[in-house]
Amino acid sequence: MEGAKSCKVYVDVDVEFTADGKMWPKWIRWTDGHIFEIDRVKQCVRAASRKAGGAGIRYTVMIGGQESQLYYEENYKWFVEAKQPC
């Protein structure tokens, strides 16, 4: 989709909390209901989304062998950057 703008797509996320208070996402439920298991979390840093706007905690995750960015905002919502009509 050349010329398509990146948008925030809010998603449901299942999260595991560790004894020391860390959050680790386990899966993402896409808007159509499809669930994507997170194979592993590569990185967790405070960062801004340069493609879709917004900021929060950015989780760099592996899903099905592909690297993706998952964001947790201070409003308690999770989003991913997606190319779609906005």
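Residues numbered from 1 in each chain as written. Predicted model: local features only at pLDDT ≥ 70, side-chain atom pairs only at ≥ 80, totals over all residues. Heavy atoms only, no water.

A few points about the sheet that holds strand S6 (residues 66–72)
Thinking step 1. Across the sheet, which stays open at both edges, the 7 strands sit in the order S3-S2-S1-S7-S6-S5-S4 with antiparallel pairing between neighbours. A strand with exactly one partner marks an edge of an open sheet, and here the two such strands are strand S3 (35–37) and strand S4 (40–48). This sheet shows a mean twist of 40 degrees between the axes of neighbouring strands, independent of strand direction.
Thinking step 2. Sheet topology places S4 next to strand S5 (residues 55–63); 8 bridges connect them, and they run antiparallel. (Pairing = 2+ DSSP bridges. Helix = DSSP H or I, 4+ residues; strand = E, 2+ residues; numbered from the N terminus. Axes fitted to C-alpha atoms, helices over the stretch in contact; angles between N-to-C directions.)

Considerations on the side chain of Thr60
Thinking step 1. Its place among the elements puts Thr60 in strand S5.
Thinking step 2. Residue classification places Thr60 among the buried positions, given a relative accessible area of 6%.
Thinking step 3. Setting aside residues no more than four positions away along its own chain, Thr60 makes contact with Arg40, Val41, Lys42, Gln43, Glu67, Ser68 and Gln69. (Buried < 20%, exposed > 50% of the residue type's maximum accessible area, 1.4 Å probe, protein only. Contact = heavy atoms within 4.5 Å.)

Section: the pattern of salt bridges
When their charged atoms lie close together, side chains carrying opposite charge are able to pair.
Thinking step 1. Scanning the model with the defined rule gives 6 salt bridges in all.
Thinking step 2. For Glu73, the salt bridge identified is with Lys8, shortest N-O distance 2.7 Å. With a gap of 65 residues between them, Glu73 in the loop between S6 and strand S7 (78–83) and Lys8 in strand S1 (residues 6–17) connect regions that are remote in the sequence.
Thinking step 3. Residue classification places Glu73 among the buried residues on the basis of a relative accessible area of 7%.
Thinking step 4. With a closest N to O distance of 3.6 Å, Lys22 and Asp20 form a salt bridge.
Thinking step 5. Using a relative accessible area of 46% as the deciding quantity, one classes Lys22 as partly exposed.
Thinking step 6. Classification of Asp20 as exposed rests on a relative accessible area of 56%. (Salt bridge = Lys/Arg side-chain N within 4 Å of Asp/Glu carboxyl O.)

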